[in-house]
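# Structure assessment
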Amino acid sequence: MTDKILFITLSNIGDCILSLPVLDALKENFTQAEITVLSGPRPQEIFQDNPNINKLIVFDKRSSIKEKIKLFNTLRKERFDMIIDLRNSFLGAILPAKYKISPFLDIPEHVKHMKQRHLFRLQSLSSKLKTSAAIRSSIYIKPEDEKYINNILKENNITGDDTIIIVAPGARSHIKRWGQDKFVELIPSLIREFGAKIILAGDKADAPNNKYIAGRLGHQVLDLSAKTNIAQLAALLKKSRLVITNDSAILHMAGYLDIPTLAIFGPTNEIKYGPWPGVSSIVKKDIFCRPCEKAQCKFGTLKCLQLIGAEDVLKQARSLLAHNPEPTAYNQKGDLERILIVRTDRIGDVLLSTPVIKAFRDNYPHAYIAMMVSPYGKSVVEDNPYLDEVIVYDKDAKHKSWPRSLKFARNLKKKKFDVAVILHPTNRVHLVTFFAGIPRRVGYDRKLSFLLTDRIRHTKQSGQKHESEYALDLARYLGVEPKDKNIFLSVKPALEERVAELLKEEGAGRSDKLL
């Protein structure tokens, strides 16, 4: 029989929330047990008013040796039957107890998400333990917390009938934060499309970031950063239709509370820390170096976040609000994460190939998609919103010699593409993609085609299809069915204004017919 349990939490708020399902499982399996929680200073708010916890001990891991010895003696006198130490601390190692989780426990490879890894550690004590607690009560919301949030919403004319979207632009680490100006671009679209009421959330550290966004958008948003405690924030999240957040504590709190969540991921690993199962989705750009899980970007660019556009996030928000989310992609085996489309011939042919770009983006929304073109083809696709990068291969000048082409291939290899889709066969392109070590190279059975891994029959000479359809056949070969076959050319507003000025100078009016 287990009468007394010591639960040692993790240090950060987000990590601590990931461990709460273990606490719920303990309460469900040992209904009569007294539970003592040992918490660090930052996450103590989660536990301090929870009536389901018998005792809370707050302890800073940076305390002196003398204070640590004093704590050890205090806890030893409690004579705990079970110690659940998810921090692998010295206390968990040396305190006596009948049941303890081994710090050397071997967790299977298929158990990836941190929430599931914590539950697996608990279940290692006994396969009979239930680890799918139906009631999530470890974030306790008092009536006064609920009242506080209701009053704020009422004062700002926000009702239960409104589409409330919580936006959390902050994160403890700067490498996890999507750009402030990207949020400024995204939020008006959410308001325009869904009539949403936007509330900015976060703690004191997030306040400057949120203040900048609120300052740019004015009355369009309600900024509640640093104006709620954890319980009040939980009460606020439960009012929302959707939470849009970086990899942060708010992401995990929304997951714990089972609220639809859209998470923006940069260098951190969504397999470990992504949205919880439920109505959720992620937005990411799988450039060759992510997820690096490093504290600093070694290239100094943080492109994995910078390449995520407001339209990428808006698209996922539409799906979630329509209750039709795309599956949360956790790099399942077989997914294409980095795709290279190759078309190095004429401008018109590059333009006719743009439906292929859109088809891959629709089928692989999180992938990193690049296009390799000639210098004169660059202008056709450089502003295409479905591409993450345009790579110029200049076989007539810069890369004319074979040594320079091989150097180009070595640089291309560093980008770690999974597949190259070669829409127009040339000897040079087949050689370059071969020496770039791209594992899968798909193209036509012409021009050194033995260098390809996948070849389809070249029948363009028969003229049975439009050129855009021939290009799409290569996408179809990879199981990518186009939803939109229209060609696409992005025209910048500045160019439209320039053309309007030229026409005006020549005396052409808006109502004139131009030939």
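What counts and what doesn't
- Every chain's residues receive numbers from 1 upward, in the order its sequence appears when written.
- In keeping with the model being predicted, local features are shown solely for residues with a pLDDT of at least 70 and side-chain atom pairs are shown and tallied solely at 80 or more, while totals for entire chains, interfaces and linings include all residues.
- Side-chain measures here rest on the full set of heavy atoms in the structure, leaving out hydrogens and waters.
- Nonpolar side chains (Val, Leu, Ile, Met, Phe, Trp, Tyr) are joined into patches within 5 Å and like charges within 9 Å, using only residues with over 30% relative accessible area and no salt bridge.
- Surface accessibility in these figures is a Shrake-Rupley result with a 1.4 Å probe; residues are shielded only by whichever protein chains are displayed.
- For this analysis, a salt bridge means a side-chain nitrogen from Lys or Arg found within 4 Å of a carboxyl oxygen belonging to Asp or Glu.
- A helix here means a DSSP run of H or I that spans at least four residues, while a strand means a run of E at least two residues long, and both kinds are numbered starting from the N terminus.
- Relative accessibility decides the category of a residue: with a 1.4 Å probe and only protein chains considered, values under 20% of the type maximum give buried, values over 50% give exposed, and everything between is partly exposed.
- The criterion for strand pairing is that DSSP finds at least two bridges linking the strands in question.
- Axis geometry follows a simple rule: fit a line to the C-alpha atoms, using only the stretch in contact for helices, then measure angles between N-to-C directions, giving values from 0 to 180 degrees.
- Contacts between residues were defined by any pair of non-hydrogen atoms, one from each residue, lying within 4.5 Å.
- Under the pairing criterion, centres of Phe, Tyr and Trp rings, with the six-membered ring standing for Trp, must be within 6.5 Å; the plane angle then separates stacked pairs below 30 degrees from edge-to-face pairs above 60, leaving the rest tilted.
- The definition of a polar contact used here is a pair of N or O atoms within 3.5 Å, where within protein one atom must be able to donate a hydrogen and the other to accept one, and adjacent residues in sequence count solely through side-chain atom pairs.
- The sign given to each residue is positive for Lys and Arg and negative for Asp and Glu; His and the chain ends receive no count.
- Every charge is mapped to an atom, namely NZ of Lys, CZ of Arg, CG of Asp or CD of Glu.
- In this text, buried Ala, Val, Leu, Ile, Met, Phe, Trp, Tyr and Cys residues form a nonpolar core when linked through side-chain atoms within 4.5 Å.

## Some points on a nonpolar patch on the surface
Together, Trp402, Leu406, Phe434 and Phe435 make up a nonpolar patch on the protein surface, roughly 370 Å² of accessible area in all. Listing elements by their share of the nonpolar patch, those giving two or more residues are helix H18 (402-413) and helix H19 (427-435). Along the polypeptide, Phe435 turns up in helix H19. You can call Phe435 partly exposed: its relative accessible area is 43%.

## A word on the sheet that holds strand E14 (residues 389-392)
On the basis of which strands lie adjacent, the open sheet formed by six strands has the order E14-E13-E12-E15-E16-E17 and parallel pairing. Strand pairing shows two members of the sheet lacking a second neighbour, E14 and strand E17 (454-456), which therefore form its edges. Strand after strand, the sheet turns through a mean of 20 degrees between neighbouring axes, direction not considered. Summarising the sheet, strand E16 (residues 440-444) and E17 pair through three bridges and their orientation is parallel. Across the sheet, residue Tyr444 finds its bridge partner in E17, namely Ile456. Against the sheet, helix H16 (residues 354-363) makes contact with strand E12 (338-342), strand E13 (368-373) and strand E15 (419-422), and its axis sits at roughly 170 degrees relative to E12, the strand it touches most. The sheet strands contacting H18 are E12, E13 and E14, and the helix crosses E14 at an angle near 160 degrees.

## A few points about the packing of aromatic side chains
Per the counting criterion, the structure on display carries six aromatic pairs. Centroid distance Tyr386 to Phe488: 5.8 Å. Interplanar angle 65 degrees. Geometry classified as edge-to-face. Residue Tyr386 is found in the loop between helix H17 (378-381) and E14, and its partner Phe488 is found in the loop between helix H20 (467-477) and helix H21 (493-505); the two are separated by 102 residues along the sequence. Of the residues examined, Phe488 reaches a relative accessible area of 29% and is grouped as partly exposed. Seen from their ring centres, Tyr393 and Phe408 are 4.9 Å apart, and the 45 degrees between their planes marks the pair as tilted.

## A few points about the side chain of Asp85
Within the secondary structure, Asp85 is located in strand E4 (residues 82-85). Among the polar contacts made by the side chain of Asp85, one reaches the main-chain amide nitrogen of Asn88 at a distance of 3.2 Å. Polar side-chain contacts of Asp85 include one of 2.7 Å to the backbone nitrogen of Ser89.

## A few points about the side chain of Asn209
Within the secondary structure layout, Asn209 lies in helix H9 (residues 207-217). Owing to a relative accessible area of 11%, Asn209 belongs among the buried residues under this scheme. At 2.6 Å, the side chain of Asn209 forms a polar contact with the side chain of Gln180. Contacts of Asn209, omitting those with residues within four sequence positions, involve Pro169, Gly170, Arg177 and Gln180.

## Things to note about a positive patch on the surface
A surface patch of like charges, here positive, comprises Lys398, Arg404, Lys407, Arg410 and Lys414. Among the residues examined, Lys414 registers a relative accessible area of 55% and is labelled exposed.

## Notes on unusual backbone geometry
For the bond running from Arg290 to Pro291, omega is -5 degrees, close enough to zero to count as cis. Residue Leu302 is not a glycine yet carries a positive backbone phi of 55 degrees. Within the secondary structure, Leu302 sits in the loop between strand E11 (280-283) and helix H13 (303-306).

## Thoughts on the nonpolar core
The biggest cluster of nonpolar side chains holds 52 residues, and the ones touching the most others in it are Leu26, Ile46, Ile84, Ile199, Leu237 and Met253. Tallying contributions element by element places helix H10 (residues 230-237) first for this core, with six residues. Setting aside chain neighbours within four positions, we find Ile199 in contact with Leu153, Ile158, Ile164, Ile165, Ile166, Val167, Leu222, Leu224 and Leu236. Ile244, Ile308, Ala310 and Leu340 belong to the second-largest nonpolar core, a separate cluster that totals 50 residues.

Structural measurements only, silent on function.
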